[in-house]
Amino acid sequence: FDFAQKLDDLQVVYNYFLPDPVHPRQGKLGLTVTGGRDMLLGQWRDLLVSLKASPIDPLMIDVEGSYSLDGRGIGDAGLRTITSQITYDGGRWFRHQVGLTYDSRNHKLGTLSSMLRVMATRRLTLQNALTFDGYQHKVTYNDLLANYDMGCVALTGSYRQQTHEYRLDLSITAFPGI
């Protein structure tokens, strides 16, 4: 190799993928490990491990964690954060996503978020988006929505906790291009 510049960064990435026989692009299991070294500063890059798994068709689990190999004055070496997202997709009738961030340095739950969609009937859909802040120990975001589809007209009711706003909308859905 002939380099015109000095090598200043080294990154190593390992990927493993186990395809699903039914859905080959989605896969049953995926693992990525990333790390490296900053040659100029003489410090290790954080080791990042990401795992994606789909043990059954409607369930997807995504977990990611970062590990510091050396302290940089901000804290000691060790586990930094863990984030995860679990999605259950029951098709048209039900979908729920739960996300979680854990701060291992402070031993606290960072945020917990939830996105829920339920189609109660063919015409009625209920949705809820919620975020809980573990540092403040309170719900910081909560949005509720109900949508009733009457064919060419839809009635939507919503409540937003942050602004204490109630809203009722009547929409014409007969002309989707307009």
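The subject of this paragraph is the overall build of the chain. Each helix and strand counted, the chain has 0 helices and 12 strands in total. Traced from its N-terminal end to its C-terminal end, the chain shows the element sequence β-β-β-β-β-β-β-β-β-β-β-β. Looking at the chain residue by residue over its 178 residues, the buried ones come to 19%. Put simply, 24% of the contacts in the chain that link residues at least 6 apart link residues at least 24 apart. As presented, the chain carries roughly 12500 Å² of accessible surface, and 61% of it is formed by carbon and sulfur atoms.

There is a patch of nonpolar side chains on the surface, built from Trp44, Leu51, Val63, Tyr67, Leu69, Leu79, Ile82 and Tyr102 and spanning about 640 Å² of accessible area. Sorting the residues of the nonpolar patch by element identifies strand S5 (59-68) and strand S6 (78-89) as the ones contributing at least two each. Along the polypeptide, Trp44 turns up in strand S3 (residues 43-44).

To continue, consider the pairing of strand S7 (residues 94-103). Where S6 and S7 come together, 9 bridges link them in antiparallel fashion. Across the sheet, Ile86 pairs through a bridge with Val98, a residue of S7. Bridging between S7 and strand S8 (residues 108-119) involves 9 bridges; their strand directions are antiparallel. Along S8, the bridge assignment pairs Tyr102 with Leu109. Between the end of S7 and the start of S8, which pair antiparallel, lie 4 residues, with His107 showing a positive phi angle near 55°.

Taken as a whole, this structure holds 2 aromatic pairs when the rule is applied. Consider the rings of Tyr88 and Phe94, whose centres lie 6.1 Å apart with planes at 55°: the pair is tilted. You can call Phe94 partly exposed: its relative accessible area is 30%. Centre to centre, the rings of Tyr159 and Tyr166 are 4.7 Å apart; their planes meet at 35°, and the pair counts as tilted. You can call Tyr159 buried: its relative accessible area is 19%.

For the chain, per-residue confidence averages 87 on the pLDDT scale, and residues scoring 70 or more make up 90% of the total. By mean pLDDT, the top-scoring element of the chain is strand S9 (residues 124-133) (96), and the lowest-scoring one is S3 (82).

With that settled, the discussion passes to the pairing of S5. In this structure, strand S4 (residues 47-53) lies alongside S5, joined through 7 bridges in antiparallel fashion. Of the residues in S5, the one forming a bridge with Ser50 is Glu64. Where S4 folds back onto S5 in an antiparallel hairpin, the turn is made up of 5 residues. The pairing of S5 with S6 spans 9 bridges and is antiparallel. Across the sheet, residue Ile61 finds its bridge partner in S6, namely Ile86.

Below, the discussion takes up the pattern of salt bridges. Applying the stated criterion across every chain, the model contains 7 salt bridges. Note that Arg80 is salt-bridged to Asp46, the shortest N-O span being 2.8 Å. Of the two residues, Arg80 is situated in strand S6 and Asp46 in the loop between S3 and S4; the sequence distance between them amounts to 34 residues. With relative accessibility at 25%, the residue Asp46 sits in the partly exposed group. One salt bridge in this structure joins Arg167 and Asp169, with 3.0 Å as the shortest N-O distance.

As a further point, take the environment of Leu112. Tracing the backbone through its elements, the reader meets Leu112 in strand S8. Judged by relative accessible area, Leu112 falls into the partly exposed class, the value being 31%. As a C-alpha pair, Leu112 and Gln85 span 27 residues in sequence and 9.7 Å in three-dimensional space.

The rules we used
Residues numbered from 1 in each chain as written. Predicted model: local features only at pLDDT ≥ 70, side-chain atom pairs only at ≥ 80, totals over all residues. Heavy atoms only, no water. Helix = DSSP H or I, 4+ residues; strand = E, 2+ residues; numbered from the N terminus. Buried < 20%, exposed > 50% of the residue type's maximum accessible area, 1.4 Å probe, protein only. Contact = heavy atoms within 4.5 Å. Areas by Shrake-Rupley, 256 points an atom, 1.4 Å probe, with all protein chains shown as cover. Patch = residues over 30% accessible without salt bridge, like charges linked within 9 Å, V, L, I, M, F, W, Y side chains within 5 Å. Salt bridge = Lys/Arg side-chain N within 4 Å of Asp/Glu carboxyl O. Pairing = 2+ DSSP bridges. Phe/Tyr/Trp six-rings, centres within 6.5 Å; stacked < 30°, edge-to-face > 60°. pLDDT = per-residue confidence, 0-100.

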